[in-house]
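# Architecture at a glance
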Amino acid sequence: MIERITRKLRKGCREPLWQFIAIGSAIFLLYTEVAPKDHRITISQAHVEGLRQDHLRRTGFPPTPEEESALIERLFQDEVLLREALRIGLDQGDPIVRRRLLQKMGFLVENLNPVPEPTEAELREHFQRHGERFAQEGRVSLVHIFLVPDRSGAAPATEAQRILDKLSAGMDPGDLGDPFIHGSRFVQRTDMELAAIFGTSFAAGLKDLQEGVWCGPMESSYGFHLVRITSRTEPRKPTFAEVRPQVLQRLKAIRQEEATRAAIRRLSDRYEIRLEEGVRRKEAIVFNRGANPSS
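Residues numbered from 1 in each chain as written. Predicted model: local features only at pLDDT ≥ 70, side-chain atom pairs only at ≥ 80, totals over all residues. Heavy atoms only, no water.

Formed by 17 residues in total, the largest nonpolar core has its most connected members in Leu142, Leu194, Leu206 and Val227. Listed by contribution, the elements that provide at least two residues to this core are strand E1 (139-147), helix H8 (191-198), helix H9 (200-205), strand E3 (214-219) and strand E4 (224-233). Setting aside anything within four residues of it in sequence, one finds Leu206 in contact with Leu142, Leu194, Met218, Val227, Ile229 and Arg232. (Core = buried A, V, L, I, M, F, W, Y, C linked by side-chain atoms within 4.5 Å. Buried < 20%, exposed > 50% of the residue type's maximum accessible area, 1.4 Å probe, protein only. Helix = DSSP H or I, 4+ residues; strand = E, 2+ residues; numbered from the N terminus. Contact = heavy atoms within 4.5 Å.)

Set out below in structure tokens:
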């Protein structure tokens, strides 16, 4: 009996399945022996208070003792799963996880490296050096009547003249022409905004129109239009007082970017950067430590 059992065990040990089980068991036992024993998870009072506030926000009521215990248990389970996922490398190669980690680390670096508030003199100096960045674009207000092209794709000249005669007689332009998807009136729009709707050639042609006079038909990417310019604002350089909030926002953003880049450079000193053969680095962009974006 003993010999028969021994022969079966010897035969079983030669089976691939049993070999796989044996190797896997050995690896598991080895990990349990050499893995760090201090896998400590601390649930602080701040964590619990955060759970309470989140429950109150979602439900409108504070959690009962049973609900709070379940929330803490869920937090513990999530932390265990998170640590195990990081331990076995599930975060590697996942672009969504990578993007989220980069975002959170970026926020952390910014919070740990705040920039001081610029002085009034610094704001004025920045405005003087970069005043063109705060120039106000010209803007146009207009009303138009849309005309669908005729069968040949040309401007409906007869219809356009008929509408112009009715406008001269005092007829409301809202009752004339064909429906237009974006409406018939545009107020204080820039050339770029109008070009995005009607096309660049149409927006450029508006500069030649006399204010307060019906003109056209003008061709757009949709068809043809009779147009009347109701007001026009020329481009201008504003005073410092007018754009002070924008100057402050831009200068603080530049300085925060400089502080963040400096902090990342300090962190990068912990690492050795190696580029494989054939990979070219752009010294001025990636590794330049003397760049000054505010200049």
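Still to come is the rest of the account.
On to helix H10 (residues 240-268). If you check H10, its first and last C-alpha atoms are 39 Å apart, about what 29 residues at 1.5 Å a residue would give, namely 42 Å. At Gln246, H10 shows its maximal bend, which comes to roughly 40°. Here H10 has its buried residues at Phe240, Val243, Val247, Leu248, Leu251, Ile254, Gln256, Thr260 and Ala263. Elements that come into contact with the buried residues of H10 comprise helix H5 (95-112) and helix H6 (120-129). (Expected span 1.5 Å × (residues − 1). Bend = angle between axes of the 7 residues up to and from the residue.)

Attention shifts here to the environment of Lys166. Note on placement: Lys166 falls in helix H7 (residues 157-168). Exposure remark for Lys166: the relative accessible area of 28% places this residue in the partly exposed category. In sequence terms Lys166 and Leu176 are 10 residues apart; their C-alpha atoms lie 8.7 Å from each other. Excluding residues that lie within four positions of it along the chain, Lys166 makes contacts with Met171 and Leu176.

Time to look at the pattern of salt bridges. Opposite charge on two side chains permits them to pair, given that their charged atoms come into close proximity. This structure, assessed with the given rule, holds 14 salt bridges. Asp54 serves as the salt-bridge partner of Arg57, at 2.5 Å between the closest nitrogen and oxygen. Placement of both Arg57 and Asp54 in helix H3 (residues 45-59) is noted, with a separation of 3 residues, approximately one turn of the helix. A residue is classified by how much of its surface remains accessible, and Asp54, at 30% relative accessible area, is partly exposed. (Salt bridge = Lys/Arg side-chain N within 4 Å of Asp/Glu carboxyl O.)

Okay, the pairing of E3 next. Across 4 bridges, the pairing between E3 and E4 is antiparallel. Bridge assignment links Trp214 to a residue of E4, and that residue is Arg228. (Pairing = 2+ DSSP bridges.)

Right, let's talk about the layout of surface pockets for a bit. Size it by volume and the second largest pocket reaches roughly 230 Å³. Mapped onto the lining of the second largest pocket, the elements with two or more residues apiece are helix H4 (65-87) and H5. Top contributing element to the lining of the second largest pocket by residue count: H5, with 5 residues. Looking at side-chain class alone, the lining of the second largest pocket contains 7 nonpolar, no polar and 3 charged residues. (1 Å grid on protein atoms, 1.4 Å probe; cavity = no way out; pocket = protein on both sides within 12 Å on 5 of 7 lines; lining within 4 Å. Points joined across faces, edges and corners; volume = space filled by probe spheres on them. Nonpolar A, V, L, I, M, F, W, Y, C, P; charged D, E, K, R; others polar.)

For the bond running from Gly216 to Pro217, omega is 10°, close enough to zero to count as cis. Here Pro217 shows up in strand E3.

A word on the environment of Arg87. Residue placement: Arg87 occurs in helix H4. A residue is classified by how much of its surface remains accessible, and Arg87, at 43% relative accessible area, is partly exposed.

Attention shifts here to the side chain of His225. Its place among the elements puts His225 in strand E4. Only 2.5 Å separates the side chain of His225 from the side chain of Ser220, close enough to count as a polar contact. With near-sequence residues (within four places) excluded, His225 lies in contact with His144, Ile145, Phe146, Phe180, Phe198, Phe202, Cys215, Gly216, Pro217, Met218 and Ser220. (Polar contact = N/O pair within 3.5 Å; in protein donor to acceptor, adjacent residues only side chain to side chain.)

Relative orientation of the contacting elements H3 and H4 amounts to 115°, with a least axis distance of 10 Å. For the element pair H3 and H4, the recorded crossing hand is right-handed. Along the contact surface, H3 presents His47, Val48, Leu51, Arg52, His55 and Arg58, while H4 presents Glu67, Glu68, Leu71, Ile72 and Leu75. Split into classes, the residues belonging to the contact of H3 with H4 amount to 5 nonpolar, 2 polar and 4 charged. (Axes fitted to C-alpha atoms, helices over the stretch in contact; angles between N-to-C directions. Left-handed = near helix turned anticlockwise from the far one by under 90°.)

Moving on, we come to a nonpolar patch on the surface. A cluster of nonpolar side chains, contributed by Ile43, Phe76 and Val80, occupies part of the molecular surface with about 210 Å² of accessible area. Looking at where Phe76 falls in the secondary structure, it is placed in helix H4. (Patch = residues over 30% accessible without salt bridge, like charges linked within 9 Å, V, L, I, M, F, W, Y side chains within 5 Å. Areas by Shrake-Rupley, 256 points an atom, 1.4 Å probe, with all protein chains shown as cover.)

Below, the discussion takes up the confidence of the model for the chain. Looking at the chain as a whole, its pLDDT mean stands at 81, while 79% of the residues score no less than 70. Note that residues 23-37 has pLDDT below 50 and, in this model, 3 contacts with residues that lie over four places away or in other chains. A low-confidence stretch, residues 283-295 (pLDDT under 50), is modelled with 20 contacts involving residues beyond four sequence positions or located in other chains. (pLDDT = per-residue confidence, 0-100.)

Next up on the list: the environment of Val140. Tracing the backbone through its elements, the reader meets Val140 in strand E1. Val140 sits in the buried class, given a relative accessible area of 6%. Sequence separation of Val140 and Glu211 is 71 residues, and the distance between their C-alpha atoms is 10.0 Å.

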